[in-house]
Amino acid sequence: MFVALGAMLTQAAAQQWNVPASECSAAAGVITHRPSGRTISYGRVAEAAAKIEAPKDVPLKDPKDWKIAGKPLRRLDTPPKVTGEQVYGLDLKLPGMLNAAIRDTPVFGGKLKSYDEAKIADMPGVKKTVRVGESAVAVIADTWWHAKTALETLPITWDEGPNAQVSSASIADFLKTGLDAEQAFVGNENGNARDAIARVAKKVEAVYAFPYQHQATMEPMNATALYTTDKCEVWAPTQNGEATLAVVAEAAGLPVAKCDVHKMLLGGGFGRRTANDFVQQAIAIAKQMPGTPIKLLWSREEDMTHGRYHPITQAKMVGAFDANNNLTALHMRISGQSILSFVAPQTLQAGKDPVVFQGLNPTGPEAQFGYTIPNLLIDHAMRNPHIPPHFWRGVNNNQNAIYLECFMDELAHAAGQDPLEFRRKLMANHPKHLAVLEAVAERVGWGRPAAQGVHRGLCQHMGYGSYVAAAAEVSVSDGGNKVKIHRIVAATNCGHAVNPAQIERQIAGSFVYGLSALFYGECTVKDGRIEQTNFQDYQVMRIREMPKVESIIMPSHDFWGGVGEPTIFVAAPAVLNAYFAATGKRMRTFPLKNHNISFA
């Protein structure tokens, strides 16, 4: 967009001077006619430029000519975040604003039967108690604490519905039925994996499982709404302002032209704030007190138990070898939830959710499978429990990378081969995948002795258009129950590296997310409801647990890839493979806390 805008501004200046646009250049807010030295500011030609049709094909500047892009730059928004000056959604204050606290049915799919408003009518600050949709009740008060305190006292009766009998165990059993089911959606296939596996004498099998997880944003869900019969304004921390505007118009029952969305800075999003359930609630509450701005803030407990969760899945992995220990077949059966079936069922492809196969696709620029195997089958048996799935930083790449890269290690050891050399033989047709893998192997010292008691693991993956790899060095103690991650080397080819410093920050931050998930992250279900309610039972990494991170940024300058999510994928499998090298034990279900494994 900015390249096209620059071309339009340059064209407008050239027309004003009656010279060829090719003789003009734009930089630092000024357009210069090189032969004559004449200059003019962008502002002086902006009106004329707006009348020029945007060019359809604008050549991008060669990276060798970049002046700002490609250099490591500091973020401009760091100081106000550090000092507390930055205003987030929950900080917003408006004249005459009231506050609302909400409770939804504890079981997804349940309904609100009744509540006794009279019991709290005289409590301090309470203005009104309102029903919100079919399943929730909210208290409006002068302060949020008054609203929350009254809500905790409010007698409520729920109709929890049939899902109240569901547990983590019953969900696990449900997913197990998909591991050997006849019907499954095929995501990647070549040759005949089933036949090849049936005919070999040597095969390796393993079943992995990945749990529900919560985005655990530091700022709970919130939105402020001001509704009148003629206009609706919403102040919301949202990851998708356009989608939020559409939700506002629908919830308010007003034309889009009469609705405004003021995007607030996110106190963490990670995919959770692409959903707008909390915005819908805020408007439903505000409509019951027209003309009064009302800020809805979820409690941490409401946030944890009414989230949109990383989907739960299991995977059955089967690999087959010929007599020379060459991998001839691989069948990867994923059983579990589909995000799109919940978020956007209209985008399913003949019932198949393509997002399930992130990092496992046969072709395409976004997330390709990085190995060539003569007989390959990757398929998905869709099993959707009642807990709502959603996008969670890295999405399905997270478990897919664990399933694939840890099983690749299993196959390498079963064949008696070095894990790097085993992968290399399968990656000749995938040079970009191989390049990042070899980069981390060289940096970590693969093939050379590690320090006494230190063990290594590596992995690679592709997602969001970028090629990533990691190599981890760990040591263990207490019989394998304590793990010290000394360092992780991460390589990223994101095509073009616009701000290398920001890429390094994203890599380190993503490892916090990925390793927190590996060691701690799990939401369990009992009596149909999420059991975890706050950070005391949904932990994240502490600073002392964070390993040293070494980033290798290796742009190939021939595509544009992402950096915010890809390296999350490789944090866990690199550490898991190093843990196996240290202990000889394979961990296939997560988080590691369930195996009494913690950070040293």
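The following refers to the structure shown. (Residues numbered from 1 in each chain as written. Predicted model: local features only at pLDDT ≥ 70, side-chain atom pairs only at ≥ 80, totals over all residues. Heavy atoms only, no water.)

Looking only at helices and strands, the protein chain features 15 helices and 24 strands. For the protein chain, whose C-alpha radius of gyration is 27 Å, the value lies close to the compact-globule estimate of 25 Å for 600 residues. Principal axes of the C-alpha set define a box for the protein chain whose edges measure 80 × 75 × 50 Å. Put simply, the protein chain has 600 residues, and 53% of those count as buried. Taking the intrachain contacts of the protein chain between residues at least 6 apart in sequence as the baseline, contacts between residues at least 24 apart amount to 76%. (Helix = DSSP H or I, 4+ residues; strand = E, 2+ residues; numbered from the N terminus. Rg over C-alpha atoms; globule rule 2.2 N^0.38 Å. Buried < 20%, exposed > 50% of the residue type's maximum accessible area, 1.4 Å probe, protein only. Contact = heavy atoms within 4.5 Å.)

Next up on the list: the environment of Ser 299. Looking at the element boundaries, Ser 299 is found in the loop between β14 (294–297) and α9 (300–305). Sequence spacing of Ser 299 and Lys 148 is 151 residues, and the spatial spacing of their C-alpha atoms is 7.9 Å. Residue contacts for Ser 299: discarding those within four places in its chain leaves Trp 144, Lys 148 and Pro 220. A distance of 3.0 Å separates the side chain of Ser 299 from the backbone nitrogen of Glu 302, its partner in a polar contact. (Polar contact = N/O pair within 3.5 Å; in protein donor to acceptor, adjacent residues only side chain to side chain.)

Before going further, it helps to examine a nonpolar patch on the surface. On the surface, Leu 60, Val 498 and Trp 560 cluster together to form a nonpolar patch covering roughly 320 Å² of accessible area. Positionally, Trp 560 belongs in the loop between β23 (548–553) and α15 (568–583). (Patch = residues over 30% accessible without salt bridge, like charges linked within 9 Å, V, L, I, M, F, W, Y side chains within 5 Å. Areas by Shrake-Rupley, 256 points an atom, 1.4 Å probe, with all protein chains shown as cover. Salt bridge = Lys/Arg side-chain N within 4 Å of Asp/Glu carboxyl O.)

Burial along β14 is two-sided: the residues Ile 294 and Leu 296 and Lys 295 and Leu 297 are all buried. Where strand β4 (residues 98–104) meets β14, 3 bridges bridge the pair, whose relative direction is parallel. Bridging from a neighbouring strand, Leu 98 pairs with Ile 294 of β14. (Pairing = 2+ DSSP bridges.)

A few words now on the packing of aromatic side chains. Counted under the stated rule, the structure contains 13 aromatic pairs. Ring plane angle 70° and centroid distance 6.4 Å describe the contact between Tyr 212 and Tyr 309, whose orientation is recorded as edge-to-face. Taken as a pair, Tyr 212 in the loop between β10 (202–210) and β11 (222–228) and Tyr 309 in the loop between α9 and β15 (313–321) lie far apart in primary sequence, 97 residues in all. When the centroid spacing of 6.1 Å and the interplanar angle of 35° are considered together, the rings of Tyr 464 and Phe 569 count as tilted. Of the two residues, Tyr 464 sits in the loop between β18 (455–463) and β19 (466–477) while Phe 569 sits in helix α15, which places them 105 residues apart along the sequence. On the basis of relative accessibility, which here comes to 0%, the residue Phe 569 falls in the buried class. Here the guanidinium or amino end of Lys 202 rests over the ring plane of Phe 321, the centre of that ring lying 5.3 Å away. Seen from the ring of Phe 580, Arg 586 lies directly overhead, with NZ or CZ sitting 3.6 Å from the centre. (Phe/Tyr/Trp six-rings, centres within 6.5 Å; stacked < 30°, edge-to-face > 60°. Lys NZ or Arg CZ within 6 Å of the ring centre and 35° of its normal.)

Within the fold, Asn 397 resides in helix α11 (residues 397–414). On the accessibility criterion, Asn 397 (0% relative accessible area) is buried. As a C-alpha pair, Asn 397 and Tyr 464 span 67 residues in sequence and 9.3 Å in three-dimensional space. Within the structure, the side chain of Asn 397 is placed 3.0 Å from the side chain of His 461, a separation counted as a polar contact.

Attention shifts here to the packing of α11 against helix α12 (residues 419–426). α12 packs onto α11 with a crossing angle of 105° between their chain directions and a minimal axis gap of 9 Å. Relative to α12, α11 is oriented roughly perpendicular. Contacts between α11 and α12 involve Glu 405, Met 408, Asp 409, Leu 411, Ala 412 and His 413 from the first element and Pro 419, Phe 422, Arg 423 and Leu 426 from the second. For the contact of α11 with α12, the residue count by class is 6 nonpolar, 1 polar and 3 charged. (Axes fitted to C-alpha atoms, helices over the stretch in contact; angles between N-to-C directions. Parallel < 35°, antiparallel > 145°, perpendicular 65-115°, else oblique. Nonpolar A, V, L, I, M, F, W, Y, C, P; charged D, E, K, R; others polar.)

So, on to α15. Given 3.6 residues per turn, any residue in an α-helix points the same way as the ones three and four places further on. Over its 16 residues, α15 extends 24 Å from the first C-alpha to the last, a length consistent with the 22 Å expected when each residue adds 1.5 Å. For α15, a buried count of 13 out of 16 residues is recorded, marking the element as mostly surrounded by other parts of the structure. Gly 584 lies just past α15 and shows a positive phi near 75°. (Expected span 1.5 Å × (residues − 1).)

Where helix α7 (residues 241–252) contacts helix α8 (residues 277–286), the two axes come as close as 9 Å, and the packing angle between them is 30°. The interaxial crossing formed by α7 with α8 has right-handed handedness. Residues Thr 244, Val 247, Val 248, Ala 251 and Ala 252 of α7 touch α8, and the partners they reach there are Val 279, Gln 280 and Ile 283. Looking at the contact of α7 with α8 residue by residue, the classes come out as 6 nonpolar, 2 polar and no charged. (Left-handed = near helix turned anticlockwise from the far one by under 90°.)

With that settled, the discussion passes to α12. When α12 is considered as a whole, its buried residues turn out to be Pro 419, Leu 420, Phe 422, Arg 423 and Leu 426. Angular distribution of buried residues about the axis of α12 spans 160°; they occupy a single face of the element. Buried residues along α12 sit against β15, β16 (327–336), α11, α13 (431–444), β18 and α15. The backbone nitrogen of Leu 420 lies 2.9 Å from a side-chain oxygen of the residue at the head of α12, namely Asp 418. (Arc of directions from axis to C-beta.)

Below, the discussion takes up the pairing of β19. In terms of burial, β19 is a largely internal element, 10 of the 12 residues being buried. Pairing of β18 with β19 involves 9 bridges; the strand directions are antiparallel. Bridging across to β19, Arg 456 finds its partner in Glu 473. Between β18 and β19, which follow one another and run antiparallel, lie 2 residues, and Tyr 464 among them has a positive phi close to 55°. With 11 bridges connecting them, β19 and strand β20 (residues 482–493) associate as antiparallel partners. Paired with Ser 475 across the strands is Lys 484, a residue of β20. Linking two consecutive strands that pair antiparallel, namely β19 and β20, is a turn of 4 residues; a positive phi of about 55° is found at Asp 478 within it.

Strand order in the open sheet formed by 5 strands is β9-β17-β16-β15-β10, with mixed pairing between adjacent strands. One side of each edge strand has no neighbouring strand; the edge strands of this open sheet are β9 (185–190) and β10. Looking at each pair of strands side by side, their axes are set apart by 10° on average, direction ignored. As paired elements, β16 and strand β17 (residues 375–382) share 8 bridges and run parallel to each other. Note on β17: the bridge partner recorded for Met 332 is Ile 378.

This part takes up the pattern of salt bridges. Pairing between side chains becomes possible if they bear opposite charge and their charged atoms approach one another. Per the stated rule, a full pass over the model turns up 30 salt bridges. Taking the shortest distance from any N to any O, the salt bridge between Asp 180 and Lys 316 comes out at 2.7 Å. Note that Asp 180 is positioned in the loop between α5 (168–179) and β9 and Lys 316 in strand β15, a separation of 136 residues in sequence. Its salt-bridge partner being Glu 473, residue Arg 487 comes within 3.0 Å of it at the nearest N-O pair. One end of the pair, Arg 487, is in strand β20; the other, Glu 473, is in strand β19, with 14 residues separating them in the sequence. Here Arg 487 falls in the buried class, since its relative accessible area comes to 15%. Several salt bridges share partner residues, and in doing so they unite Arg 443, Arg 456, Glu 473, Arg 487, Lys 548 and Glu 550 into one network.

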